[in-house]
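A closer look at the structure
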Amino acid sequence: MPPPTAADPGRAVPRDADHVIETRGLTKAYRGGQLAVDRLDLAVPRGSVFGFLGPNGSGKTTTIRMLMGLIEPTAGSARVLGRPMPGASRQVLPAVGALIEGPALYGFLSGRDNLRRFDAADPTADPRTRDERVDRALERVGLGAAAGKKARAYSLGMKQRLGLAAALLQPRELLVLDEPTNGLDPQGMREIRTLVRELAADGTTVFLSSHLLDEIEQVCTHAAVMARGRLITQGTVAELSATVLDSGGHGRLAVTTPDPADATRVLKEHGVTDIRVAGDRVTGDLPAPPDGHPAEPADLNAALVRAGVRVRAFGAERASLEDVFVHLTGEGFDVAG
Amino acid sequence: MSQAETVRRAPRRLWSLGLLRSEIGTTFRRWRTLALLAVLAGVPILVGVAIKIETGSRGPDGGDGGPAFISQVTNNGLFLVFTSLAVTLPFFLPMAIGVIAGDAIAGEANAGTLRYLLVAPAGRARLLFAKYATSMAFCLVGTLVVALSALVTGAALFPLGKVTLLSGTSISFGEGLLRALAIAGVVALSLLGVAALGLFISTLTNSGIAAMATTVGLLITVQILDTIPQLHAIQPYLFSHYWLSFADLLRDPVYWDQLQKNIGLQALYAVVFGSAAWARFTTRDITA
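Residues numbered from 1 in each chain as written. Chains lettered and ligands numbered in written order. Predicted model: local features only at pLDDT ≥ 70, side-chain atom pairs only at ≥ 80, totals over all residues. Heavy atoms only, no water.

The name given to chain B in an unreviewed UniProt entry is ABC transporter permease, with Streptomyces albospinus as the source organism.

For the record, the criterion: UniProt positions are given in the numbering used here, feature names are shortened, and annotations may be inferred rather than shown by experiment.
Per an unreviewed UniProt entry, chain A goes by the name ABC transporter ATP-binding protein and belongs to Streptomyces albospinus. UniProt's Sequence similarities (unreviewed entry) comment on chain A is quoted here verbatim: "Belongs to the ABC transporter superfamily."

**Some words on the interface of chain A and chain B**
To be explicit about the condition: Contacts: residue pairs with any heavy atoms within 4.5 Å of one another. When two parts are brought into contact, each loses some accessible area as probed by a 1.4 Å sphere; the total of that loss over both is the buried area. Salt bridges are defined as contacts in which a side-chain nitrogen from Lys or Arg sits within 4 Å of a carboxyl oxygen from Asp or Glu. In protein, a polar contact requires one atom able to donate a hydrogen and another able to accept it; more generally it is a pair of N or O atoms within 3.5 Å, and residues adjacent in sequence count only if both atoms are side-chain atoms. We count a stretch as a helix when DSSP gives it H or I for four or more residues in a row; a strand needs E for two or more, and each element gets its number in order from the N terminus. Three categories are distinguished: nonpolar for Ala, Val, Leu, Ile, Met, Phe, Trp, Tyr, Cys and Pro, charged for Asp, Glu, Lys and Arg, and polar for the others, with Gly belonging to the last.
Facing the 49 residues of chain A at the interface are 37 residues of chain B. Carbon and sulfur atoms supply 53% of the area that chain A and chain B bury against each other, a total of about 3900 Å² over both sides. There are four salt bridges connecting chain A and chain B. Inspection of the region where chain A meets chain B yields 17 residue pairs in polar contact (both at pLDDT 80 or more). It is helix H3 (residues 111–120) of chain A that contributes the most residues to the side of chain A that touches chain B, four residues altogether. Considered class by class, the residues forming the side of chain A that touches chain B number 26 nonpolar, eight polar and 15 charged.

**Some details on the sheet that holds strand S12 (residues 252–256) of chain A**
Paired through their backbone hydrogen bonds, the strands of a sheet run either parallel or antiparallel. Residue and element names in this part refer to chain A. Short version of the rule: The rule for pairing is simple: two strands pair if DSSP sees at least two bridges between them. Every axis corresponds to a line fitted to the C-alpha atoms, with the helix fit spanning only the stretch in contact, and the corresponding angles, defined between N-to-C directions, vary from 0 to 180 degrees.
Pairing within the open sheet is antiparallel, and its four strands lie in the order S13-S14-S12-S15. Looking at which strands have only one partner, the edges of the open sheet turn out to be strand S13 (273–278) and strand S15 (313–317). Taken pair by pair, the neighbouring strands of this sheet meet at an average axis angle of 20 degrees, ignoring direction. Where S13 and strand S14 (residues 281–285) come together, four bridges link them in antiparallel fashion. Among the inter-strand pairings, Arg276 is bridged to a residue of S14, identified as Thr283. Across the sheet, helix H10 (residues 297–306) touches S12 and S15, and the angle it forms with S15 is around 150 degrees.

**Focus: the sheet that holds strand S10 (residues 222–227) of chain A**
Residues and elements named next belong to chain A. Reading across from one edge, S7-S8-S9-S4-S10-S11 is the order of the six strands in this open sheet, with mixed pairing throughout. In the strand order of this sheet, the two ends are held by strand S7 (96–99) and strand S11 (230–236), each with one partner. Between one strand axis and the next, the sheet turns by 10 degrees as a mean value, whatever way the strands run. Direction of pairing for S7 relative to strand S8 (residues 174–178): parallel, over a ladder of four bridges. Within S8, the residue paired with Gly97 across the bridge is Leu175.

**Comments concerning the packing of helix H8 (residues 192–202) of chain B against helix H9 (residues 208–225) of chain B**
All names here are of chain B. Applied cut-off: In this scheme, a crossing is called left-handed if the near helix is turned counterclockwise away from the far one by less than a right angle; it is called right-handed if the turn is clockwise.
It is at 9 Å that the axes of H8 and H9 come closest, and there the two elements cross at 140 degrees. You can see that H8 and H9 cross each other, and the crossing is right-handed. Contacts between H8 and H9 involve Leu197, Gly198, Ile201 and Ser202 from the first element and Ala211, Thr214, Thr215 and Leu218 from the second. Its residues assigned to classes, the contact of H8 with H9 comprises four nonpolar, four polar and no charged.

**What about the pairing of strand S1 (residues 19–29) of chain A?**
Residue and element names in this part refer to chain A. Let me state the cut-off plainly: For every residue, the accessible area obtained with a 1.4 Å probe (protein chains only) is divided by the maximum for its type, and the residue is called buried under 20%, exposed over 50%, and partly exposed between those limits.
Burial within S1 is extensive, with nine of its eleven residues counted as buried. Pairing geometry for S1 and strand S3 (residues 43–45), over three bridges, is antiparallel. Each residue of the ladder has a partner; that of Ile21, found in S3, is Val44. Here S1 pairs with strand S5 (residues 75–80) via five bridges, running antiparallel. Along S5, the bridge assignment pairs Ile21 with Val80. For S1 and strand S2 (residues 35–40), the ladder comprises three bridges, and the chain directions are antiparallel. By the bridge assignment for S2, Lys28 is matched with Val37. Counting the residues that bridge the hairpin from S1 to S2 gives five residues, and of these Gly32 lies at a positive phi of roughly 95 degrees.

**Some thoughts on the packing of H3(A) against helix H4 (residues 130–140) of chain A**
When two helices pack together, their arrangement is given by the angle between their axes and by how far apart the axes lie. All names here are of chain A. Worth spelling out the cut-off: When an angle is under 35 degrees it counts as roughly parallel; over 145 it counts as roughly antiparallel; between 65 and 115 it counts as roughly perpendicular; any other value is oblique.
Remark: H3 packs on H4, axes separated minimally by 10 Å, with the N-to-C direction vectors making an angle of 125 degrees. In terms of their interaxial angle, H3 and H4 are classed as oblique. Between H3 and H4 the crossing geometry is right-handed. Across from Arg112, Leu115, Arg116, Asp119 and Ala120 in H3, the residues of H4 making contact are Arg130, Asp131, Arg133, Val134, Asp135 and Leu138. Residues belonging to the contact of H3 with H4 are distributed by class as follows: four nonpolar, no polar and seven charged.

**Some remarks on the confidence of the model for chain A**
Residues and elements named next belong to chain A. Our working rule: A score from 0 to 100, pLDDT tells how confident the predictor is in each residue.
Across chain A, the average pLDDT comes to 83, with 84% of residues at 70 or higher. When pLDDT is averaged over each element of chain A, H3 comes out on top at 95 and helix H8 (residues 237–248) at the bottom at 65. In this model, residues 1–15 is a region of pLDDT below 50 whose contacts with residues beyond four sequence positions or in other chains number 24 contacts.

In structure tokens:
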């Protein structure tokens, strides 16, 4: 199978048999009857980098815990690598590397001994190759130099890297990474994204949960959006952007100008809707075409200039995943930073 | 790391021993475990020095109260082993076990490492087994630490020689050592009930401290119940009831009756609370 990359977002969703994760009506109710996950039908194609999006508390982690056999679904079923979970945990999990809700380490052990410990818990791990695999995983996440340090002396970013290293102790078919760049500096984030792309290029399916939309946008081929326990949508990242463009118009118009008040007035006169002003930036939806032809943005620019509005930049914005999310859920997104 | 390399790896047969080794190694590298062992090693030294000072100032008939063999210590240092085990068995040893067993699952849940062990996948029943086996290993190591520390202290402070048993007959020092070893074994077995109880409590909560405190609290409660005469009907079922029966190994012939009852009771506790721990841990949602 050709290695899919982030640059290949238009790939068609393969048939059902080629899904590494598939859930049907997956539901989890916690005590008191509150639904953490509500009838989730998720399909993660083999070889994809699958972004699992949603604000904090939307049920992402509960879903991941059910997929990993840590908690029992209240209703519905989940299949991972073609086998039912949690029933087939022993067969499935050795081929799955996971980082769930942040790293958890033994503070009194060194980074290297932490990995040895987790590797010893894997019944399929060969103890004869353990030290070699541990060192390779440490190198891969850039912790080679700090391997002998006690884990309690690690920074949050280093702990996160060590957690990732634990997921990479074996060749995996599926990597489940819950917020993998949490606590990392921008350089560390970039390294992790590069690592994710490398792994995907090697044929590993990566299931990446995040509340950082641009992160998903940068590395993922596919995405699913969750809100309040429900799956809002799933598909390729390109498809998701397209749904918003089709229903909401043709992307948003963005004008940068030192005269935002005048620009707003002129744009309103020309039928631009949902105008928002942020500093010297004015954005709005292009008017719906009255005769089936799309409105010409250049005419708007000319109108602005005619009215004496000084324009620094003018253009149409592509719908970002944030737009997709706001459009689909009608609510803001908890974007960090 | 291509997919072609990702062959289905079959579990190896002896792998649970690998997990057990890792478990024992991790437990005994914990600072807390070492501190508990240091306390256990300190008790015989304290008792030995106290007896030495007492007899130095008041003469050899100083021991009133206390276990039957405490007065023998000044004649034979080997008796410090029996005395120390009798002193530590009611509280120090089971408290240490309570800490180790109570922390076994709850501590991992608290630290979050439990979820990573389970997705490794350690297997819930196997992890529980490794945890119980490690608690058992600690019972043995803790008891041996007390016995060894007592033997060294006894040899340093008091004369060694032939052992006069509680029934009056004498045995050689070598046979006395063997009996001391057997007693250490029985004391270690006496702790299995507490270990199983602690492990079960450990599966109920995500707080290591709460599990440890509950186990030690139950230990104290049971000890108190065992001294209330009105409760004699339930006392034979309290895990601590036959603990001091190990002294019967110092008779000739050995009185087996209470020793057997003790081991049987510990086995019953291990089965009941081991099953309860298994039932709880294999079905529980791991949310920590």
